[in-house]
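Chain by chain, the residues:
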Amino acid sequence: MRILSGIQPSGVLHIGNYFGMMRPAIVLQAEGEALYFIADYHALTSLRAPAALRENSRRVALDFLACGLDPARAALFRQSDVPQVTELAWILSTVTPKGLLERAHSYKDKVARGLAASAGLFSYPVLMAADILIYDSDVVPVGRDQKQHVEVTRDLAIKMNETFGEILKLPEPRIHAQTATVPGLDGQKMSKSYGNTIDIFAEENEMRKRVMSIVTDSTPVEAPKNPDASPICQLFSLVASPEETAALRAAFAKGGSGYGDFKKQLFVRLWEFFAPMRQRRNEILAQPDYIDAVLAQGAARANAIADGVMARVRTAVGLR
Ligand code: AQP
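Residues numbered from 1 in each chain as written. Predicted model: local features only at pLDDT ≥ 70, side-chain atom pairs only at ≥ 80, totals over all residues. Heavy atoms only, no water.

Details of the site of the ligand
Around the ligand, the structure places 24 residues, and the nearest of them are His14, Asp145, Ser191, Lys192 and Ser193. In this structure, Ser10 approaches the ligand through a side-chain N or O atom, which is 3.2 Å from an oxygen atom. Measuring from an oxygen atom of the ligand, one finds a backbone N or O atom of Gly143 at 2.9 Å. A total of 640 Å² of accessible area belongs to the ligand in isolation, and the protein chains cover 95% of it. Of all elements in the fold, only strand E1 (2-7) and helix H1 (15-28) reach the threshold of two or more residues within the shell around the ligand. Broken down by element, the residue count for the shell around the ligand peaks at 4 residues, all from H1. In terms of residue class, the shell around the ligand is made up of 6 nonpolar, 13 polar and 5 charged. (Near = heavy atom within 4 Å. Polar contact = N/O pair within 3.5 Å; in protein donor to acceptor, adjacent residues only side chain to side chain. Areas by Shrake-Rupley, 256 points an atom, 1.4 Å probe, with all protein chains shown as cover. Helix = DSSP H or I, 4+ residues; strand = E, 2+ residues; numbered from the N terminus. Nonpolar A, V, L, I, M, F, W, Y, C, P; charged D, E, K, R; others polar.)

Encoded structure:
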């Protein structure tokens, strides 16, 4: 089984990225051949700052490794270190119905949030399809927001296979129900561009401040509270046992405690949960060449697979 996933270096990684994609990807690295990439071509649709893009890409690599990505099992590489992917994206775009892209919710959401409506942003799902198909991927661990893009990938693979013969493998999304959409401080999907994140490697004071700023209603301390009316319980359940989560929900329903107390409990749990990863991150930072070596090794593995698939595609479509 070949597992493929990617993450954009468009900002600092948050716990939505961690629980939605990074942790499932790290678990899956023990179950097959894993390929995880830093989607720097994709990030160009929102980030036009070369130094920041370079810095963010290294930081994503560092954070992913700190969270448990094992380079002996999983290849970690920059998307742009496999430039053949843009060639496959072009070939796929020639069979992509425009209406399919017009229905993509991510484009509409991003334009509604003020991102430039560029052709690159519009055809993002085609590049994502190429990212997946160029490695003959079987399984794609993603958050729920990416499900539609994996469906587009399957549609394009079917279209290519119907047109040119069986050349591309159909991938399956892998979405975990509990972590499919991690809520942000305001209860909407946690997202870099919504300003509602809790960053995985935030400083202690910053993380505490973020947790304490979770939006809640004005129910008085003594009154019972709805455990589902704020993201506190859902976030708590990600870092605590089911028994502890049940106890917190019971305390909500009982009344007599304020939201501030619950937020403090959540902060303590979050801070403890990521402690081993912070330590590992410091160890990696002490080895200046480690990240470059991991990325180079990952790029070599990815290129070897991509070259094979591209040779097959070029032959099938008549480019050779
Ligand atoms: N809140 C979330 N809950 C569950 N999964 C999430 N993911 C992101 N946010 C959540 C998953 O993380 C992976 C990488 O995401 P990405 O960086 O490629 O882009 P994204 O989904 O667009 O993440 P953001 O933070 O929302 O970025 P911006 O604001 O730049 O668009 C994906 O598998 C995603 O599902």
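A look at the packing of aromatic side chains
In the structure shown here, the tally under the stated rule is 13 aromatic pairs. Geometrically, the ring pair formed by Tyr18 and Phe19 is edge-to-face, given 4.8 Å between the ring centres and 85° between the ring planes. Centre to centre, the rings of Tyr107 and Phe122 are 5.1 Å apart; their planes meet at 75°, and the pair counts as edge-to-face. Placement of the pair is Tyr107 in helix H6 (residues 105-112) and Phe122 in helix H7 (residues 119-122), with a sequence separation of 15 residues. An identical accessibility class is assigned to Tyr107 and Phe122; each is buried. Ring-pair connections join several aromatic residues into one group, and the members of that group are Tyr18, Phe19, Phe273 and Phe274. For Lys225, the ring lying beneath its charged end belongs to Tyr259, and the centroid distance is 5.8 Å. Across the ring face of Trp271, the terminal group of Arg278 is positioned such that the distance to the ring centre comes to 3.3 Å. (Phe/Tyr/Trp six-rings, centres within 6.5 Å; stacked < 30°, edge-to-face > 60°. Buried < 20%, exposed > 50% of the residue type's maximum accessible area, 1.4 Å probe, protein only. Lys NZ or Arg CZ within 6 Å of the ring centre and 35° of its normal.)

Some words on the environment of Ile214
Its location among the elements puts Ile214 in the loop between helix H10 (204-212) and helix H11 (232-239). The class of Ile214 is buried, set by a relative accessible area of 2%. Distance from Ile214 to Asn196, taken between C-alpha atoms, is 8.8 Å for residues 18 residues apart in sequence.

Notes on the domain arrangement of the protein
Per the domain assignment, the segments of the protein are domain 1 (2-180 + 288-317) and domain 2 (202-273). Taking only C-alpha atoms, the centre of domain 1 and the centre of domain 2 are 34 Å apart. If you look at the interface, domain 1 gives 6 residues, while domain 2 gives 6 residues. Summed over both sides, the interface of domain 1 with domain 2 buries roughly 480 Å², with 72% coming from carbon and sulfur. At the boundary of domain 1 and domain 2, one finds 0 salt bridges. At the junction of domain 1 with domain 2, the criterion picks out 0 residue pairs in polar contact (both at pLDDT 80 or more). Taken together, the residues of the side of domain 1 that touches domain 2 sort by class into 3 nonpolar, 2 polar and 1 charged. (Domains from an automatic or database assignment. Contact = heavy atoms within 4.5 Å. Buried area = accessible area lost by both parts, 1.4 Å probe. Salt bridge = Lys/Arg side-chain N within 4 Å of Asp/Glu carboxyl O.)

A closer look at the side chain of Arg2
Secondary-structure assignment places Arg2 in strand E1. Overall, Arg2 belongs to the buried group, its relative accessible area being 18%. In terms of polar contacts, Arg2 uses its side chain to reach the side chain of Glu33, at 3.0 Å. Leaving out residues up to four positions away in the same chain, Arg2 has contacts with Glu33, Leu35, Tyr135, Asp136, Ser137, Asp138, Val139 and Ile305.

Some details on the nonpolar core
Counting residues in hydrophobic clusters, the biggest one holds 55 residues, and the most contacted among them are Tyr36, Phe64 and Leu76. Of all the elements, H1 adds the most residues to this core, at 8 residues. For this core, the two domains that each supply at least three residues are domain 1 (2-180 + 288-317) and domain 2 (202-273). When neighbours within four sequence positions are excluded, Leu76 is seen to be in contact with Tyr36, Ile38, Ala61, Phe64, Leu65, Leu69, Val294, Leu295, Gly298 and Ala299. (Core = buried A, V, L, I, M, F, W, Y, C linked by side-chain atoms within 4.5 Å.)

Structural notes on the pairing of strand E3 (residues 74-78)
Counting buried positions over the 5 residues of E3 gives 4, a clear majority of the element. Pairing of strand E2 (residues 33-38) with E3, which is carried by 5 bridges, proceeds in the parallel orientation. Of the residues in E3, the one forming a bridge with Leu35 is Ala75. (Pairing = 2+ DSSP bridges.)

A look at the packing of helix H4 (residues 84-93) against helix H8 (residues 124-133)
Each pair of packed helices can be summarised by the angle the axes make with each other and by the distance between the axes. Packing of H4 against H8 brings their axes to within 8 Å, and their N-to-C directions diverge by 120°. Relative to H8, the element H4 lies oblique. When the axes of H4 and H8 are compared, the crossing they make is right-handed. Contacts between H4 and H8 involve Val85, Leu88, Ala89, Leu92 and Ser93 from the first element and Val126, Leu127, Ala129, Ala130, Asp131 and Leu133 from the second. (Axes fitted to C-alpha atoms, helices over the stretch in contact; angles between N-to-C directions. Parallel < 35°, antiparallel > 145°, perpendicular 65-115°, else oblique. Left-handed = near helix turned anticlockwise from the far one by under 90°.)

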